[in-house]
Amino acid sequence: MNRTTAFYSTVDDNEENGRAILVPSRRTTRRGVHKAERKRVTRLAKLHSKWPTPPKSVISYLNGRSRQGFTPYNCRHLQKSFSNRRVPLLWTEKELSLGEINKVFASHWISEDAVVMGTKCNKLIVLNTAKGWMDHIPMIGGLGPMEDRIFEDGSGIHAISLNPSQSYLATGGVNPNDLGIYSMPDFSPICVGEGCHRDWIFDIKWLDDEFVATGSRDGTIALWSIADAQRDTTSTSSTYKSIQPRCRKKFSEGGVLHEDDHMYHQKVRALEFNKHRRQLASIEVSSGCITFWDVCGFREILTKKLHHDRESVCMAFSETYNLYGVGSQSHVTLLDSRKARNVGTFQTKEICSGVRSLCYQGDILSVGTGMGKIKFIDVRMMSYLQNGKEDLSLNAGKGWLSRDEIYYHFFNDASYRNAIYTHCYDYSGTKLFAAGGPLPSGLTGNYAGLFQ
């Protein structure tokens, strides 16, 4: 075995161990391999120099504080750095009953004990995790003429987003192609954004307290303003107004579609906003590309093909490290925010189920998979959190499954697991809410659990 062959076998071993990897092409020469590795190490070193330095231990922090005085930032950083790595080891699951609703696709904490959820059956529900009761929120319907409405059934609510001041909540409407905005905390309907998207809204992100962006399955991104509802005097409704987008953008046709894609346009699957660079990132699942947009002029800046592009359906962004996390069929990829360069790749060891949700909490990126597991990536150490000699993972419970005609006809003898379609940390970072349902689209069921 020559040196080049040995190098490739070592990379494959590292990939199986779940460490960060950068695999060169087979045409790379021995000199090119070492050059690519040097570039990767240099890039990581530059990123590490910009990242905040955690204290080595509690004792070193106390010694430094006695010499330099008390600094609240270092104290908070010490607490978060240690708790984010230790708390998941102590969590136990408390499974929550949701009745007979179908699959939870989106969730967001709104108070110490309450979580708002969006389901595939197009229901917006507030769940009290302490007492277990649920409150159904009325959905916002369209106000335009019936002949002008583009209605698509069967999608549900895929996104829930709160603005920075926590005063407005944006989600889908009665029509999954529409945008519904509520006033918080009483969920009073403010406006409905309609007549823009011709297919389901997959993700929603607030840019500030006024502007919100939506990404749709029809391959478009739209920018909306809550101020338009306050200035509108033409609506006849006494409860909420109808608004139109400030601008609407469609992707260029440069992406390469997969053979099994039945739609010939880009499907915008996930959005993330970088407020420091004033850039909006989007994932197009059809072409497997990530695109950056300048929100000031709402123009396309950069489009880059993802290395692991199959089923890229979720994304998360860390403001601390300026890193995007992208989940695909069997990998999690970390990309820097400037040029979308690959910083690290982690194999989930679940070949076909895919990564279904991602969430950053300080130094930790949590990964929800289609097999009902939640794993944790330490961004600074570039490795999975360990529980002894194995990767730490939390397992979802049984949940509820509807044994209807479809189940008995197609899935009677098959085993299933509840996919983690959404998970989110509470404001203290000590509790994790996870929810989802059975992975096959034909099955009806749900799962919700609180890890604390």
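What this report covers is the structure whose coordinates are included nearby. Just so it is clear, the model here is predicted, and its values are computed rather than measured.

Analysis parameters
Residues numbered from 1 in each chain as written. Predicted model: local features only at pLDDT ≥ 70, side-chain atom pairs only at ≥ 80, totals over all residues. Heavy atoms only, no water. Helix = DSSP H or I, 4+ residues; strand = E, 2+ residues; numbered from the N terminus. Buried < 20%, exposed > 50% of the residue type's maximum accessible area, 1.4 Å probe, protein only. Contact = heavy atoms within 4.5 Å. Areas by Shrake-Rupley, 256 points an atom, 1.4 Å probe, with all protein chains shown as cover. Salt bridge = Lys/Arg side-chain N within 4 Å of Asp/Glu carboxyl O. Pairing = 2+ DSSP bridges. Axes fitted to C-alpha atoms, helices over the stretch in contact; angles between N-to-C directions. Phe/Tyr/Trp six-rings, centres within 6.5 Å; stacked < 30°, edge-to-face > 60°. Lys NZ or Arg CZ within 6 Å of the ring centre and 35° of its normal.

What follows concerns the overall build of the protein chain. Along the backbone of the protein chain there are six helices and 33 strands. When burial is assessed residue by residue, the protein chain has 54% of its 452 residues classed as buried. For the protein chain, the share of sequence-separated contacts (at least 6 apart) that also reach a separation of at least 24 residues comes to 52%. Summed over all atoms, the accessible surface of the protein chain reaches about 21500 Å², with 50% contributed by carbon and sulfur.

Here the structure, examined in full by the defined rule, presents 13 salt bridges. A salt bridge links lysine 431 to aspartate 113; the nearest nitrogen and oxygen atoms lie 3.6 Å apart. Here lysine 431 is found in the loop between strand S31 (418-425) and strand S32 (432-438), whereas its partner aspartate 113 is found in the loop between strand S2 (104-109) and strand S3 (114-119), with 318 residues between them in sequence. Relative accessible area serves as the criterion here: at 28%, aspartate 113 is assigned to the partly exposed category. Here arginine 217 makes a salt bridge to aspartate 199, at a shortest N to O gap of 3.2 Å. With arginine 217 in the loop between strand S11 (211-216) and strand S12 (220-225) and aspartate 199 in the loop between strand S9 (188-193) and strand S10 (201-206), this residue pair connects regions lying 18 residues apart in the sequence. By the burial criterion, arginine 217 is buried, and aspartate 199 matches it.

This paragraph deals with the sheet that holds strand S16 (residues 279-284). Reading across from one edge, S15-S16-S17-S18 is the order of the four strands in this open sheet, with antiparallel pairing throughout. A single partner strand is all that each edge strand has here, and the edge strands are strand S15 (268-274) and strand S18 (299-305). Sheet twist, expressed as the mean angle between neighbouring strand axes with direction ignored, is 20°. Where S16 and strand S17 (residues 289-294) come together, six bridges link them in antiparallel fashion. Bridge pairing in S17 places glutamine 279 opposite aspartate 294.

A few words now on the pairing of strand S20 (residues 323-327). Extensive coverage of S20 is indicated by the burial of five of its five residues. Neither face of S20 is exposed, since Leu323, Gly325 and Gly327 on one face and Tyr324 and Val326 on the opposite face are all buried. Pairing of strand S19 (residues 314-318) with S20, which is carried by five bridges, proceeds in the antiparallel orientation. Paired with methionine 315 across the two strands is valine 326, which belongs to S20.

A few words now on unusual backbone geometry. Of the consecutive residues methionine 184 and proline 185, the connecting peptide bond is found in the cis state with omega at 10°. For proline 185, the position within the fold is in the loop between strand S8 (179-183) and S9. One non-glycine residue, phenylalanine 187, lies in positive phi territory at about 60°. Tracing the backbone shows phenylalanine 187 in the loop between S8 and S9. Since its relative accessible area comes to 11%, phenylalanine 187 is described here as buried.

This part is about the packing of aromatic side chains. Within the structure shown, the criterion is met by 11 aromatic pairs. Ring geometry for tryptophan 200 against phenylalanine 202: centres 6.3 Å apart, planes inclined by 80°, an arrangement best described as edge-to-face. The exposure classification of tryptophan 200 matches that of phenylalanine 202, with both residues buried. Ring centres of tyrosine 407 and tyrosine 408 lie 5.3 Å apart, and the angle between their planes is 75°; on these two criteria the pair is classed as edge-to-face. Ring pairing ties together the aromatic residues Trp91, Phe376 and Tyr425, which thus form one cluster. Across the ring face of tryptophan 200, the terminal group of arginine 217 is positioned such that the distance to the ring centre comes to 4.6 Å. Above the face of the tyrosine 384 ring, lysine 375 is positioned so that its terminal group lies 5.9 Å from the ring centre.

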